[in-house]
Amino acid sequence: MPQPWWEKYDGLLEEEIQKLEEAGFRCKVDEELKQRGLLSLRLVGSAAEKEIHLDARYPEHYPYFRPEVFTDDVCLAHHQNPRAGNLCLLERSTTVWHTTYSLAGLLEKKLEDTIRSGTAKTVEETGIEEVPQPEPISEYVEFTCPGSVLFDGSWEVPTHINDGILHINLCVSDKSFVALISSIEDSKGNCLLSADKELNENLEGSVGLIGRWIRVPDILLFTGNLRNMEPKRIMIKLKEIDPSLNAVKDNQYDITGILFREETEQRKEGDGWIFILRHPTQTQIGKGVTKLLNKPYLLRGGRAGREDLNARVPIRELLKSKTVTLIGLGCIGAPIALELAKTGVGELRIMDPDKVEAGNAVRWPLGFSSAGTNKVIAIKEFIRLNMPYTKVVEAVGRVGGVPFPSETAKGLETHGEMLNSILQNTDLIIDATGEDGVNHFLSELAGELKIPIVFVATTVGTWGGDIVRIIPGQTKGCWSCYGILQNEGKLPKPPKDPSPKAAEVTPRGCAAPTFTGNQFDATIISMACVRTVIGTLLKGSSGYPLSDDDVTTIWLRDDDGIPITPIFKSNPLECHEQCKSNLH
């Protein structure tokens, strides 16, 4: 057991008690907890002209972190945890506490104000400057099932409607249960609220479920004490309101939503949700004896509407109308795909011919769970389930690939047809293949189609990388100009591992050689590319201003192979007089 803080810092506990007594509190140490290496002081003092009993519990790493103060003598609408009873004397951030502070000083400064503001109904009545944040009841509920039912936080169900139907898309794994409400109806089947159109389209084909919802006027009165919130008892009360909530058939899911009012902004209320999940299963209770168990679980609600996500990443609103085509889903391209989806690109078109190899798990974002799956399918499915506001269009093909006779005999779409399809009306192309032949072809094609293109690649050993952006009609040079200028030393080359073993490694059973390198280094290059892409998509916007630089060269190691703080050098891409590209 680590040394208790009152032994490690000799005299600190005695000093704490002395200060508390000087502040007018009678103190008693909980000796039983102290024997377990925990410290609780039972305090009796006064606040708001009344005697008050407090239980002050110190963290194991005091004085680096604040004590928590619990009481049952007051029941505050604000600034008190409704389940545990601790008072919110300070905001949550650890930056507001210092090792020189004491509990006595905290109580002298904050106890009276906390109780007074905790009973105030408006910000003006508090008499203090509150932290501008809500205190939603659902934050304090102890949920009994990992996962969440997601809904649009901007939704407000008309107050005169008290029950109805939920349409839900399911995403169930062995470790959690996640569902998304696609629409809410009243009891007659009239649609009240519907999820974002693009979201519902992207989730089409998911396992669907129809559940019920019921409004309760006061969640605390309905559920009872938050410290003993039993799903089984809540389900009994729900059946009293709606007898149609009958038993569920074996191995089926049933979700009942409980709608109530809670703080969603500082001192302002909005709709809040918690959910009861039932999933009856046949469980063995004795030798050869099974029983259908219908145990209910309490499941949290999660706000996942566009506004909820955009509040954290505002440029998502600007990117929802953008379409990006990404060629190549290796250790550089796959992280780019995921990041563009997180950032809110409306449509992402991806093309790659390869399947995920188990050995790629050390340099690919989705790991063993995707082994044997086409890369584009694995990325598409992951985005569909985790960032479903982005539509993904996949093409399992190779740029420059020749269709096999068996493919043409079946009338399958050719590689060229796939490419033409995913380039239609796209706003930007990313070439993450790291293949010179593909780079050259796509640069010419992008120029002919007047589509901006960004090339990104790492070097052997992931010692460095380069990003080249060409905007037709704006960038003076082309891909061929870049190669000539780099060979002439007028544009820098990123460093690479000179070892022959690093340049070409063929892992056991792999059909093609690869290179060595770390994903944590490659990710730096991928994210730098994303910044270039976002700036290009939002050119002319204040959301993420466009950089003037065409070529970005990245150093992650010095010439001796020693890792260094990343160095980024940017240059314009000029037209070379010897370039023979038709784009000039």
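The preceding data block contains the structure.
Residues numbered from 1 in each chain as written. Predicted model: local features only at pLDDT ≥ 70, side-chain atom pairs only at ≥ 80, totals over all residues. Heavy atoms only, no water.

**Student:** A description of the sheet that holds strand S18 (residues 428-431) should follow, citing residues and the corresponding values.
**Tutor:** Overall, mixed pairing links the eight strands, which are arranged S17-S16-S15-S18-S19-S20-S21-S22 in an open sheet. This sheet does not close on itself; its edge strands, each paired only once, are strand S17 (391-395) and strand S22 (563-571). Within this sheet the neighbouring strands show an average axis-to-axis angle of 15 degrees, counted without direction. Taken together, the six bridges between strand S21 (residues 551-557) and S22 define a ladder with antiparallel strand orientation. Bridging across to S22, arginine 557 finds its partner in proline 563. In the packing of helix H15 (residues 436-449) onto the sheet, contacts are made with strand S15 (323-327), S18 and strand S19 (453-458), and the angle to S19 comes to roughly 165 degrees. (Pairing = 2+ DSSP bridges. Helix = DSSP H or I, 4+ residues; strand = E, 2+ residues; numbered from the N terminus. Axes fitted to C-alpha atoms, helices over the stretch in contact; angles between N-to-C directions. Contact = heavy atoms within 4.5 Å.)

**Student:** Quick one: what's the story with the pattern of salt bridges, residue by residue and with numbers?
**Tutor:** Opposite charge on two side chains permits pairing when their charged atoms draw close. Counted by the stated rule, this structure contains 24 salt bridges. When the shortest N-O distance is used, the salt bridge between aspartate 55 and arginine 57 registers 2.9 Å. By relative accessible area, which is 14% here, aspartate 55 ends up buried. The network of salt bridges with common partners includes Asp30, Arg42, Asp55 and Arg57. (Salt bridge = Lys/Arg side-chain N within 4 Å of Asp/Glu carboxyl O. Buried < 20%, exposed > 50% of the residue type's maximum accessible area, 1.4 Å probe, protein only.)

**Student:** Let's hear about unusual backbone geometry: which residues, and what values?
**Tutor:** Negative phi characterises most residues that are not glycine, and trans characterises most peptide bonds. Backbone torsion omega between tyrosine 62 and proline 63 reads 10 degrees, so that peptide bond is classified as cis. Looking at where proline 63 falls in the secondary structure, it is placed in the loop between strand S3 (50-58) and strand S4 (68-70). In this structure, asparagine 425 is a non-glycine residue whose phi angle is positive, near 55 degrees. Of note, asparagine 425 is situated in the loop between helix H14 (415-423) and S18.

**Student:** Any chance you could break down H14 for me, citing the residues and the numbers?
**Tutor:** All buried positions along H14 are accounted for by His415, Met418, Leu419, Ile422 and Leu423. An end-on view of H14 places all buried positions within 125 degrees of arc, on one side of the element. (Arc of directions from axis to C-beta.)

**Student:** Residues and numbers for the packing of helix H11 (residues 333-342) against helix H12 (residues 375-386), please.
**Tutor:** Where H11 contacts H12, the axes come no closer than 11 Å and their chain directions differ by 20 degrees. Here H11 is positioned roughly parallel relative to H12, judged by the angle of their axes. Pair H11 / H12 crosses with right-handed handedness. Facing H11, whose interface residues are Ala334, Ala337, Leu338 and Ala341, H12 presents Ile379, Phe382 and Ile383. (Parallel < 35°, antiparallel > 145°, perpendicular 65-115°, else oblique. Left-handed = near helix turned anticlockwise from the far one by under 90°.)

**Student:** How would you sum up the nonpolar core? Please name residues and give values.
**Tutor:** Inside soluble globular proteins, nonpolar side chains tend to come together where they are buried. Formed by 42 residues in total, the largest nonpolar core has its most connected members in Leu326, Ile336, Leu340, Ile379, Ile430 and Val456. Where this core is concerned, the elements lending two or more residues are S15, H11, strand S16 (347-351), H12, S18, S19, helix H18 (519-537) and S21. Sorting elements by how many residues they give to this core places H18 first, with eight residues. Beyond its immediate stretch of four places on either side in the chain, leucine 340 contacts Val324, Val345, Leu348, Ile430, Val530, Val533 and Ile534. (Core = buried A, V, L, I, M, F, W, Y, C linked by side-chain atoms within 4.5 Å.)

**Student:** Would you mind going over the sheet that holds strand S2 (residues 39-47) in detail, with residue names and values included?
**Tutor:** If you trace the four strands from one edge of the open sheet to the other, you get S1-S2-S3-S4, paired in antiparallel fashion. Because the sheet does not close on itself, it has two edges, and the strands there are strand S1 (26-29) and S4. The sheet shows a mean angle of 25 degrees between the axes of neighbouring strands, direction not considered. Relative to S3, S2 is paired through nine bridges, and the arrangement is antiparallel. Among the inter-strand pairings, alanine 47 is bridged to a residue of S3, identified as lysine 50. Contacting S2, S3 and S4, helix H4 (residues 103-119) runs over the sheet at an angle of about 50 degrees to S2.

So yeah, pure geometry; function would need other evidence.
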